[in-house]
Amino acid sequence: MGAPITLYVDSQFLSPYAMSVYVALTEKQLPFEVRPIDLSAGEQRMQPYQCRALTARVPALTHDDFNLTESSVIEEYLEEVFPAPKHAALYPQGIRERARARQLQAWLRSDLGALRQERPTETVFYGQAGQPLSDAAHAASAKLIQVASYLVGVGQTTLFDDWCIADLDLAVTLKRLALDDLPDPLRAYADAQWQRPSVQKWLEHNAAARD
């Protein structure tokens, strides 16, 4: 039996980054324990969580005696420690495709701030409509659609030949525009990611947290 794995997530199961790592672990079929952290109570800044999460954020991963934060870094760690073919691959095998997937992940986490603010994950998971987008959010939306349309063709359900974790990250960001003007090919692409069993498991947690 391997070393135990614990994933720390927000108690409302709203963090797209926690979702990303949850899906990664599930896709690799790794046994892991989920422990919710109450962000509204500031638990992320309290002990013992701060001992496990260097950056005091979710998600955090504990693997045996090793603790790690930042979702894309956790996923790269999982890919190296639990590689294919024994475990499902999270990233493409080709060097350039893998670099493109990591580029997309880094960009989605560092840009589009106005869109993330005005279309938070309550829009993604609860279908809550927001106010009309500001000029800054409109610009971010246009940039997202431009990039996604370049990477995703009509009828395409994955970025590359096979699914990768960047597909989920892009889909979550596109879902922020689910109640806005989102081109049909991108809407279909995002909806296809939502049907993956690993994603459905996260959505079950999200629904239970609302009850």
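Not measured: the values here are computed from a predicted model.

### Overview of the UniProt feature "domain: GST N-terminal" (unreviewed entry) in the chain
Here is step 1 of the chain: Taking the numbering used here, the UniProt-annotated feature "domain: GST N-terminal" (unreviewed entry) corresponds to residues 5-86.
Here is step 2 of the chain: Secondary structure over residues 5-86 splits into 33% helix and 23% strand, and the C-alpha atoms at its two ends are 18 Å apart.

### A look at the pairing of strand 2 (residues 33-37)
Regular strands show a simple pattern: their side chains alternate between the two faces of the sheet.
Here is step 1 of the chain: In the sheet, strand 1 (residues 5-10) pairs with strand 2 via five bridges, with the strands oriented parallel. Looking across to strand 2, one finds that Val9 is bridged to Pro36.

### Some words on helix 9 (residues 184-194)
Here is step 1 of the chain: Buried within helix 9 we find Leu186, Tyr189, Ala190, Gln193 and Trp194. Along the axis of helix 9, the buried residues cluster in a sector spanning 145°; they form a single face.
Here is step 2 of the chain: Buried residues along helix 9 sit in contact with helix 1 (16-27), helix 6 (121-126), helix 7 (135-151), helix 8 (165-175) and helix 10 (197-210).

### With respect to the packing of helix 3 (residues 71-81) against helix 4 (residues 95-110)
Here is step 1 of the chain: The geometry of helix 3 relative to helix 4 is characterised by a closest axis approach of 10 Å and an angle of 155° between their N-to-C directions. Of the possible angle classes, the one that applies to helix 3 and helix 4 is roughly antiparallel. On helix 4, the residues that touch Ser71, Ser72, Glu75 and Glu76 of helix 3 are Arg102, Gln105 and Arg109.
Here is step 2 of the chain: Considering only residue class, the contact of helix 3 with helix 4 consists of no nonpolar, three polar and four charged.

### A word on the nonpolar core
Here is step 1 of the chain: Of all hydrophobic cores here, the largest spans 58 residues; its most connected members are Leu78, Leu170 and Trp194.
Here is step 2 of the chain: Both domains that meet at this core, namely domain 1 (5-89) and domain 2 (95-196), each give it at least three residues.
Here is step 3 of the chain: Among the nonpolar cores identified, the runner-up in size contains six residues, and Ile37, Tyr49, Ala53 and Ala60 belong to it.

### Considerations on the domain arrangement of the chain
Here is step 1 of the chain: Taken domain by domain, the chain consists of domain 1 (5-89) and domain 2 (95-196).
Here is step 2 of the chain: Centre-to-centre, using C-alpha coordinates, domain 1 lies 22 Å away from domain 2.
Here is step 3 of the chain: With 15 residues of domain 1 in contact, the opposing surface of domain 2 contributes 16 residues.
Here is step 4 of the chain: Taking both sides of the interface into account, the surface hidden between domain 1 and domain 2 amounts to around 1300 Å²; carbon and sulfur atoms contribute 58%.
Here is step 5 of the chain: The tally of links between domain 1 and domain 2 comes to two salt bridges.
Here is step 6 of the chain: Residues Arg102 and Glu76 are paired through a salt bridge, measuring 3.5 Å at the closest nitrogen-oxygen approach.
Here is step 7 of the chain: At the junction of domain 1 and domain 2, the tally comes to five residue pairs in polar contact (both at pLDDT 80 or more).

Rules used throughout
- Residues numbered from 1 in each chain as written.
- Predicted model: local features only at pLDDT ≥ 70, side-chain atom pairs only at ≥ 80, totals over all residues.
- Heavy atoms only, no water.
- UniProt positions renumbered as here; feature names shortened; annotations may be inferred.
- Helix = DSSP H or I, 4+ residues; strand = E, 2+ residues; numbered from the N terminus.
- Pairing = 2+ DSSP bridges.
- Buried < 20%, exposed > 50% of the residue type's maximum accessible area, 1.4 Å probe, protein only.
- Arc of directions from axis to C-beta.
- Contact = heavy atoms within 4.5 Å.
- Axes fitted to C-alpha atoms, helices over the stretch in contact; angles between N-to-C directions.
- Parallel < 35°, antiparallel > 145°, perpendicular 65-115°, else oblique.
- Nonpolar A, V, L, I, M, F, W, Y, C, P; charged D, E, K, R; others polar.
- Core = buried A, V, L, I, M, F, W, Y, C linked by side-chain atoms within 4.5 Å.
- Domains from an automatic or database assignment.
- Buried area = accessible area lost by both parts, 1.4 Å probe.
- Salt bridge = Lys/Arg side-chain N within 4 Å of Asp/Glu carboxyl O.
- Polar contact = N/O pair within 3.5 Å; in protein donor to acceptor, adjacent residues only side chain to side chain.

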